[in-house]
Amino acid sequence: MTNHWIDLKNSDCILAMGSNPAENHPISFKWVTKAMENGATLISVDPRFTRTSAKADIYSSLRSGTDIPFLGGMIKYILDNNQYFKEYICEYTNATFLVSPDFKLPGDNDGVFSGLEGTKTKEGYVNGKYDKKTWAFQMDENGIPKKDKTLKDPNCVFQLLKKHYSRYNLDKVEQITGTPQEKLLQVYKTYAKTGKSNKSGTIMYAMGWTQHTVGTQNIRTMSIIQLLLGNIGIAGGGVNALRGESNVQGSTDHCLLFHILPGYLKTPKASQPTFKEYNQVYTPKSNDGMSANWWQNYPKYSASLLRELYGTDVSLEEAYTYMPKLDDGANYSWLTIFDEAYKGNINGLFSWGQNPACSGANSNKTRQSMAKMDWLVSVNIFDNETTSFWKAPDMNPKEIKTEVFMLPCAASYEKEGSITNSGRWMQWRYKASEPPGEALPDGDIITDLFLKIKKLYEKDGGTFGEPIKKLRWHKHFDSHVIAKEINGYFLEDKEIKGKLYKKGTLVPSFAYLQDDGSTSSGNWLYCNSYTEKGNMAARRKKSDPSGIGLYAEWSWCWPVNRRILYNRASVDKNGKPWASDKPVISWNGTKWTGDVPDGGWPPMSAGSKSRYPFIMQKDGYGQIFGPGRADGPFSEHYEPLECPVEKNFMSPQFVNPTIKRWDMEGIGTKMDARATCDPRFPIVCTTYRVSEHWQTGVMTRWQPWLVEMQPSMFVEMSKELAKLKQIKNGTIVTVKSLRGKVDAVAIVTQRFKPFTVAGTTVHEVGIPWHYGWVTTAERKYDSGDKKPELFTFGDSANLVTPNIGDANTMIPESKAFMVDVIRKEGS
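Residues numbered from 1 in each chain as written. Predicted model: local features only at pLDDT ≥ 70, side-chain atom pairs only at ≥ 80, totals over all residues. Heavy atoms only, no water.

Student: Please clarify how the state of the cysteines should be interpreted in this entry.
Tutor: Counted under the stated rule, the structure contains 0 disulfides. Of the cysteine sulfurs around Cys-358, a residue in no disulfide, the closest is that of Cys-685, at 16 Å. By relative accessible area, which is 0% here, Cys-358 ends up buried. Note on Cys-643: no disulfide assigned, nearest cysteine sulfur contributed by Cys-677 at a separation of 6.6 Å. (Disulfide = S-S within 2.5 Å. Buried < 20%, exposed > 50% of the residue type's maximum accessible area, 1.4 Å probe, protein only.)

Right under this line is the structure:
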């Protein structure tokens, strides 16, 4: 989130798209309700009429996988009707920047941007990659991007934006999305009103946007809208991700994903053999003195991380050689891991706090992959489909060689530590009770494991053992000690800004981190979270002098307790808030008041003493034109890998040309099959959650009171489809795709309606992904001797989802794929 949960109350218009906060993030809806009590408008856009839709002022449906046309039409509406915040986009975004005259838009280039290299097929390019030379900005004699503040130059970002999205007219958007034009206009007109300086609009998105082959570009499209309307940096604005777990944000911050290190530093590549070369690649350079270009501090953060990992007995260069390196172009995402395992190239797996047999796309492939491993370690609080995959209904234990170890671990309330929520708030949680039986906190399990591995290396040797033997580690896990090390220390006496900081002192903020190895920090973003003043995350003061819900002394927020990112864009060039009734920061003539400012420099009117507000961008401006993405500097509609139409109505390019395709001949396996416009699978399917269950259900399917509320796998469908298929409410049906099938109870409802797409009726169904066979087969009850008579059955929704991911993140496309629904024999 650029903003935070409480800030939702400051919004004048809330768009819930790609999310269902009333049901899946119910606490967040408290603040949505407060905003509505203050006069805000809530818009719900979803293929299904949800609980959020029921509370919304405006509801609009759309076919799954068509968010970009829907939002692209909004961009066209904003531009055509001059609803954009002109002063904001001219001063704070790259709308004025001039792009290379050689750059080509998809409308002039067969549906792709200039520079694409790849294999051409009848569907367009596949497995492509962009050479981004033509995406560059034109530079002046000082190496600074050229600008046209009149916004009239045909090569300026603003004009390119207008030209690109001019193709997304109402007729075209309706044809693709199935959304009636009058509904599109209602949404566009309502949200575009937030482009006034004293108004703010926000987006609440979740997996409904990310789990697509264009997931990153879905978010990019909304980012463009928010920049056009001046909704970034302000109270009640922003681009706000609704995380599905209380600590997803924290785990991502601390390098959950293969391509990043803590604090979003980059994982080194094999082509970067030295620490110097590594830093040079990832340290951007700007010739504009007014650009803060904050990532120019990259060497300070990377050096401090190495010091935290390996201490001062090892040089920075030596420590860097111990870091794992990615082969250039290599991909170690979830989908790739299990593809390699399926091919027999991975011998073992630690499944830690997860349930891959249910949670990953194409679960049949995942389960077969596990059967080809030598060993599997499952660390969890309950038995689950991964731990017991070898005795699943479709498995023969006698044929499976995999040795499985189950390590019981403590639940979150049985250990002390912090979580970081969607709004970047790091909150300390105290231990409420002891874990049962042999269960241990994760930190204790990891520590025991590491120390035994280290001892084996020291005793027996082994290939490249130095990274393990020299890694700093404590004999006992202590969450406070680790939190301090994440914050970081001065490793030698250091005088900074006239003040001496003694060796062993906690670093007060990341502005004090050094590139010479004299400081440590396990994660530069969290530097300031545990200081000599104490544990900032444990603070619980309820005062709010800001008046807008910042609550600056409740917990701690990265970075440096800044509650709203890019907040220098919330004021005009003189430091006066755009919205005087809800100021985030304000310049009083000598300093900023309010939230922690995004840099302490004076406002833009101070000239060279100031800095542009988007300090994390190399040029200092909000990126309407975003060349960093793999699939385009603007968003473009491409159909999901599996879809009900024969072509992309926007262009000759059918699906995203830069996604990694497993379904191509000679690349994938029989488990990676694709069905597009296949009469055997004519129905669009999407996945979602319910309030009563959590993720794959491991923590909730064992609880009888929750099972009683949502006992079995179900499939939701429209009355029209049910009539067509001769299915009644409660009928047992099979949902099947080209990859697998799952039985479900039919729920016939008005919440789904058929779509008219290019003159053809398209049906869509939805299935939750909380279920699995383990609790169905082995459910036990502690409430008495009598076992409740519950109609319970089901397995994972991911048995039918496809093996494909987003071009930038590789998150699986679990929100749009093709199935059929048939009555189960005898039902």
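This is not the end of the story, as more comes after the structure.
Student: How should a nonpolar patch on the surface be read in this particular structure?
Tutor: Judged by side-chain polarity, Phe-350, Trp-375, Phe-405, Leu-449 and Ile-453 come together as a nonpolar surface patch covering roughly 400 Å² of accessible area. In this structure, Trp-375 sits in strand β11 (residues 375-380). (Patch = residues over 30% accessible without salt bridge, like charges linked within 9 Å, V, L, I, M, F, W, Y side chains within 5 Å. Areas by Shrake-Rupley, 256 points an atom, 1.4 Å probe, with all protein chains shown as cover. Salt bridge = Lys/Arg side-chain N within 4 Å of Asp/Glu carboxyl O. Helix = DSSP H or I, 4+ residues; strand = E, 2+ residues; numbered from the N terminus.)

Student: Please explain the pairing of strand β13 (residues 417-420) as it appears in this structure.
Tutor: Consecutive side chains along a regular strand alternate between the two faces of the sheet. Where β13 and strand β14 (residues 425-429) come together, 4 bridges link them in antiparallel fashion. Its bridge partner lying in β14, Ile-419 is registered against Gln-427. Between the antiparallel neighbours β13 and β14 lie 4 residues, among them Arg-424 with a positive phi of about 75°. (Pairing = 2+ DSSP bridges.)

Student: Help me understand the sheet that holds β11, please; the structure alone is not making it clear to me.
Tutor: Backbone-to-backbone hydrogen bonds pair the strands of a sheet. The strands run either parallel or antiparallel. One open sheet holds the 3 strands; their spatial order is β10-β11-β12, and the pairing between them is parallel. Each of the sheet's edge strands pairs with one partner strand only, and the pair in question is β10 (348-352) and β12 (403-408). Within this sheet the neighbouring strands show an average axis-to-axis angle of 10°, counted without direction. Sheet topology places β11 next to β12; 6 bridges connect them, and they run parallel. Bridged to Asn-380 within β12 is Pro-408. Contacts from helix α18 (residues 442-460) reach β10, β11 and β12, with the element oriented near 155° to β10. (Axes fitted to C-alpha atoms, helices over the stretch in contact; angles between N-to-C directions. Contact = heavy atoms within 4.5 Å.)

Student: Help me understand the packing of aromatic side chains in this model?
Tutor: Here a ring pair, both rings aromatic, is described through the centre-centre distance and the interplanar angle of the planes. Following the criterion strictly, the structure yields 48 aromatic pairs and no others. On the basis of an interplanar angle of 55° and a centroid distance of 4.9 Å, the ring pair of Tyr-130 and Trp-135 is categorised as tilted. Residue classification places Tyr-130 among the buried positions, given a relative accessible area of 8%. Judged by centre distance (5.3 Å) and plane angle (40°), the ring pair of Tyr-278 and Tyr-320 falls under tilted. In this pair, Tyr-278 sits in helix α12 (residues 275-282) while Tyr-320 sits in helix α14 (residues 316-321), placing the two residues 42 residues apart along the sequence. In terms of burial, Tyr-278 and Tyr-320 fall into one category: buried. Feature note: the residues Phe-97, Phe-103, Phe-113, Tyr-130, Trp-135, Phe-137, Tyr-165, Tyr-168, Tyr-612, Tyr-621, Phe-625 and Phe-634 constitute an aromatic cluster, connected by ring pairs. (Phe/Tyr/Trp six-rings, centres within 6.5 Å; stacked < 30°, edge-to-face > 60°.)

Student: Just checking my understanding: could you explain the side chain of Ser-44 for this structure?
Tutor: As for its placement among the helices and strands, Ser-44 is situated in strand β2 (residues 41-45). Within the structure, the side chain of Ser-44 is placed 2.8 Å from the side chain of Ser-53, a separation counted as a polar contact. Once residues within four sequence positions are removed from consideration, Ser-44 is found in contact with Ala-16, Thr-50, Thr-52, Ser-53, Ala-56, Ile-58, Tyr-59 and Ser-60. (Polar contact = N/O pair within 3.5 Å; in protein donor to acceptor, adjacent residues only side chain to side chain.)

Student: How do you make sense of the packing of α12 against helix α13 (residues 298-310) when you look at a structure like this?
Tutor: For any two helices packed against each other, one specifies the inter-axial angle together with the distance between the axes. Across the interface, α12 lies against α13 with an axial gap of 9 Å and an inter-helix angle of 140°. Taken together, the axis directions place α12 and α13 in an arrangement best described as oblique. Classified by chirality, the crossing of α13 by α12 is right-handed. Counted together, Phe-275, Tyr-278, Asn-279 and Tyr-282 of α12 and Tyr-298, Pro-299, Ser-302, Ala-303 and Leu-306 of α13 form the full contact between these two elements. The residue makeup of the contact of α12 with α13, split by class, is 7 nonpolar, 2 polar and no charged. (Parallel < 35°, antiparallel > 145°, perpendicular 65-115°, else oblique. Left-handed = near helix turned anticlockwise from the far one by under 90°. Nonpolar A, V, L, I, M, F, W, Y, C, P; charged D, E, K, R; others polar.)

Student: Would you mind going over the environment of Gly-39 with me for this structure?
Tutor: If you trace the backbone, Gly-39 turns up in the loop between α2 (26-37) and β2. The class for Gly-39 is exposed, based on a relative accessible area of 58%. With 27 residues separating them in the primary sequence, Gly-39 and Asp-12 have C-alpha atoms 7.0 Å apart.

Student: Got a minute to help me understand the packing of helix α4 (residues 67-80) against helix α8 (residues 181-192) in this structure?
Tutor: With their axes 10 Å apart at the nearest point, α4 and α8 run at an angle of 55° to one another. In terms of orientation, α4 lies oblique with respect to α8. As for how α4 packs across α8, the hand of that crossing is right-handed. Of the residues in α8, those in contact with Pro-69, Phe-70, Gly-73, Met-74, Tyr-77 and Ile-78 of α4 are Leu-184, Leu-185, Val-187, Tyr-188, Lys-189, Tyr-191 and Ala-192.

Student: Hey, could you run me through the nonpolar core in this one?
Tutor: One broad rule of soluble globular proteins: the nonpolar side chains tend to lie buried together. Within the largest apolar cluster, 93 residues are counted, with the highest numbers of intra-cluster contacts made by Tyr-88, Leu-228 and Phe-634. Broken down by element, the residue count for this core peaks at 8 residues, all from α4. If we ignore the near neighbours within four places in the chain, the residues touching Phe-634 are Leu-105, Phe-113, Val-157, Leu-160, Leu-161, His-164, Tyr-165, Gln-217, Ile-224, Ile-624 and Phe-625. Residues Leu-265, Met-426, Trp-524 and Ala-537 belong to the second largest nonpolar core, which totals 44 residues. (Core = buried A, V, L, I, M, F, W, Y, C linked by side-chain atoms within 4.5 Å.)

Student: Sorry if this is basic, but what is going on with α18 here?
Tutor: Owing to its 3.6 residues per turn, the α-helix brings residues three or four apart onto one side. Spanning 19 residues, α18 covers 27 Å between terminal C-alpha atoms, matching the ideal 27 Å at 1.5 Å per step. All of the buried residues in α18 are Asp-442, Gly-443, Ile-445, Thr-447 and Phe-450. Residues of α18 that are buried make contact with β10, β11, β12 and α19 (466-469). One or two residues past the end of α18 sits Gly-461, with phi positive at roughly 75°. (Expected span 1.5 Å × (residues − 1).)

Student: Would you mind going over the environment of Glu-141 with me for this structure?
Tutor: Within the secondary structure, Glu-141 is located in the loop between β5 (124-130) and α6 (157-165). In this structure Glu-141 comes out as exposed when scored by relative accessible area, which is 72%. A C-alpha to C-alpha distance of 31 Å links Glu-141 and Lys-266, two positions 125 residues apart in sequence.

Student: Would you mind going over the sheet that holds β14 with me for this structure?
Tutor: Spatial ordering of the open sheet is given by β13-β14-β19, a layout of 3 strands whose pairing is antiparallel. Single-partner strands in this sheet number two, and they are β13 and β19 (556-557). Two strands pair when backbone bridges link them, and β14 and β19 are joined in this way by 2 bridges, in the antiparallel orientation. Bridging across to β19, Met-426 finds its partner in Trp-556.

Student: Looking at this structure, I do not really get the pattern of salt bridges. What am I missing?
Tutor: When the charged atoms of two side chains with opposite charge come close together, those side chains can pair. A complete count under the given rule lists 34 salt bridges for this structure. For Lys-76, the salt bridge is made with Asp-80, and the minimal N-O distance between the two is 2.8 Å. In this pair, Lys-76 and Asp-80 are both assigned in helix α4, 4 residues apart and thus about one turn of the helix distant. Since its relative accessible area comes to 19%, Lys-76 is described here as buried. Put simply, Glu-318, Glu-466, Lys-469 and Lys-470 are held in one network by salt bridges that share partners.

Student: Any chance you could explain the confidence of the model for the protein here in plain terms?
Tutor: Atom-level detail of predicted coordinates should not be read off regions where pLDDT is low. In this model, the protein carries an average pLDDT of 95, and 98% of its residues clear a pLDDT of 70 or more. A low-confidence stretch, residues 779-790 (pLDDT under 50), is modelled with 14 contacts involving residues beyond four sequence positions or located in other chains. (pLDDT = per-residue confidence, 0-100.)

Student: Explanation requested: a positive patch on the surface in the structure shown.
Tutor: Judged by side-chain charge, Lys-129, Lys-132, Lys-266 and Lys-269 come together as a positively charged surface patch. One can find Lys-132 in the loop between β5 and α6. Residue Lys-132 is classed as partly exposed on the basis of its relative accessible area of 31%. (Lys, Arg positive; Asp, Glu negative; His and termini not counted. Charge placed at Lys NZ, Arg CZ, Asp CG, Glu CD.)

Student: Would you mind showing me how to read the environment of Glu-318 here?
Tutor: By the element assignment, Glu-318 lies in helix α14. Here the alpha-carbon distance between Glu-318 and Pro-467, two residues 149 residues apart in the chain, equals 9.7 Å.

Student: Is there a simple way to think about unusual backbone geometry in this case?
Tutor: One can expect most non-glycine residues to show negative phi and most peptide bonds to be in trans. Of note, the amide linkage connecting Trp-558 to Pro-559 takes the cis form, showing an omega dihedral of -5°. Of note in the backbone geometry, Asp-110 takes a positive phi value of approximately 55° without being a glycine. Mapped onto the elements of the fold, Asp-110 is located in the loop between α5 (86-92) and β4 (116-121). For Tyr-264, which is not a glycine, the phi torsion comes out positive at approximately 65°. Structurally, Tyr-264 is set in the loop between β8 (260-261) and β9 (265-266).

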